[in-house]
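Per-entry structural report
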Amino acid sequence: MQKWLICLFLVIIDKINGNEFLENSMKKIIQKYREAILYIFFGVLTTLVNIVSYWIFAHVLNVDVLISTIISWIISVMFAYVTNRRWVFNSDATGTGDIVKEMISFFSYRLLSGFIDWAGMLLFVKVIGFNDMIIKILMNILVIILNYVFSKFLIFKNNKQE
């Protein structure tokens, strides 16, 4: 109850002061965690691209689970490269050689995480028999974490951050 009153008091004071306190606080938080916020945002979109494309291939077009996983991986990795390069890590690679090197690195690490996704689907769906959609979601959580670590510390590590 006490925390609620304090928050209400701060909001009222902030309204009187023209929202400067909350506005400045939010700006500081967004600036501090900009990369993580964008990575989470585009990670969620990439995951949706992966899951929706998987569902379309596996459940609408009746393509095999493992083939559908590979196709959805390719589609989502292309989407992730563009969003990570441009908006999340602000890649400063400009020359053809630098961009090709960055792309090879990105796709190689995504291939590793894609293999982990595929192996998880193989083990938990094909061998053990768990529900494919539940396992697909769980594998995507693991893949998001791995991909952030790869991107932050191995792929885009030398880029200037804004």
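Here is what the cut-offs are and how they apply
- The written sequence of each chain sets the order in which its residues are numbered from 1.
- The predicted nature of this model means local features are confined to residues of pLDDT at least 70 and side-chain atom pairs, given and counted, to a pLDDT of 80 or more, with totals for whole chains, interfaces and linings taken over all residues.
- Calculated side-chain values reflect all of the structure's heavy atoms, with hydrogen atoms and water omitted.
- Comment: elements are numbered from the N terminus, with helices defined as DSSP H or I runs of at least four residues and strands as E runs of at least two.
- In protein, a polar contact means a hydrogen-donor-capable atom and an acceptor-capable atom, both N or O and within 3.5 Å, with residues adjacent in sequence counting only if both atoms are side-chain atoms; elsewhere, any N or O pair within 3.5 Å suffices.
- The rule is short: rings of Phe, Tyr and Trp, with Trp giving its six-membered ring, pair when the centres are within 6.5 Å, and they are stacked under 30 degrees, edge-to-face over 60, tilted in between.
- Here's how the labels work: a residue is buried when its accessible area is under 20% of the maximum for its type, exposed when over 50%, partly exposed in between, all with a 1.4 Å probe on protein chains only.
- A pairing counts as a salt bridge when a side-chain nitrogen of Lys or Arg comes within 4 Å of a carboxyl oxygen of Asp or Glu.
- By nonpolar core is meant a set of buried Ala, Val, Leu, Ile, Met, Phe, Trp, Tyr and Cys residues that side-chain atoms within 4.5 Å join together.
- Only heavy atoms matter for contacts: two residues are in contact if any of them lie within 4.5 Å across the pair.
- A helix is expected to reach a length of 1.5 Å times the quantity of its residues less one.

1. A short note on the side chain of S91
Along the polypeptide, S91 turns up in the loop between α4 (65-88) and α5 (96-127). Among the polar contacts listed, one links the side chain of S91 to the side chain of R85, at a separation of 2.6 Å. Here the side chain of S91 touches A93 through a polar contact of 3.2 Å, landing on its backbone nitrogen.

2. Comments concerning the packing of aromatic side chains
In the structure shown here, the tally under the stated rule is 13 aromatic pairs. Centre to centre, the rings of Y81 and F107 are 5.8 Å apart; their planes meet at 35°, and the pair counts as tilted. One end of the pair, Y81, is in helix α4; the other, F107, is in helix α5, with 26 residues separating them in the sequence. For Y81, a relative accessible area of 7% translates into the label buried. On the basis of an interplanar angle of 40° and a centroid distance of 6.3 Å, the ring pair of F89 and Y148 is categorised as tilted. Here the residue F89 occupies a position in the loop between α4 and α5, and Y148 occupies one in helix α6 (residues 132-155), the gap between them amounting to 59 residues. Of the residues examined, F89 reaches a relative accessible area of 1% and is grouped as buried. Using a relative accessible area of 23% as the deciding quantity, one classes Y148 as partly exposed.

3. Overview of the pattern of salt bridges
Under the defined criterion, the tally for this structure stands at 4 salt bridges. Between K152 and E35 there is a salt bridge whose closest N-O contact spans 2.9 Å. Note that K152 is positioned in helix α6 and E35 in helix α3 (residues 34-60), a separation of 117 residues in sequence. Using a relative accessible area of 29% as the deciding quantity, one classes K152 as partly exposed. The exposure class assigned to E35 is buried, which follows from its relative accessible area of 12%. For K126, the salt bridge goes to D64, with nearest N and O atoms at 3.1 Å. Residue K126 is located in helix α5, and its partner D64 is located in the loop between α3 and α4; the two are separated by 62 residues in the primary sequence. Taking relative accessible area as the criterion, D64 reaches 36% and is therefore assigned partly exposed.

4. Quick look at the nonpolar core
Counting 12 residues, the largest nonpolar core consists of Y39, F42, W73, V77, A80, Y81, V88, F89, F106, F150, I155 and F156. Sorting the residues of this core by element identifies α3, α4 and α6 as the ones contributing at least two each. It is α4 that provides the largest number of residues to this core, a total of 5 residues. Excluding its chain neighbours within four sequence positions, the residues that come into contact with I155 are E102, S105, F106, Y109, R110 and F150.

5. Here we look at α5
Counted at 1.5 Å a residue, the expected span for α5 with its 32 residues is 46 Å, and the 44 Å between its end C-alpha atoms agrees. Inspection of α5 places E102, S105, F106, R110, S113, G114, D117, G120, M121 and V125 among the buried residues, and these make up the whole buried set. Looking one or two places after α5, you find G129, whose phi comes out positive at around 95°.

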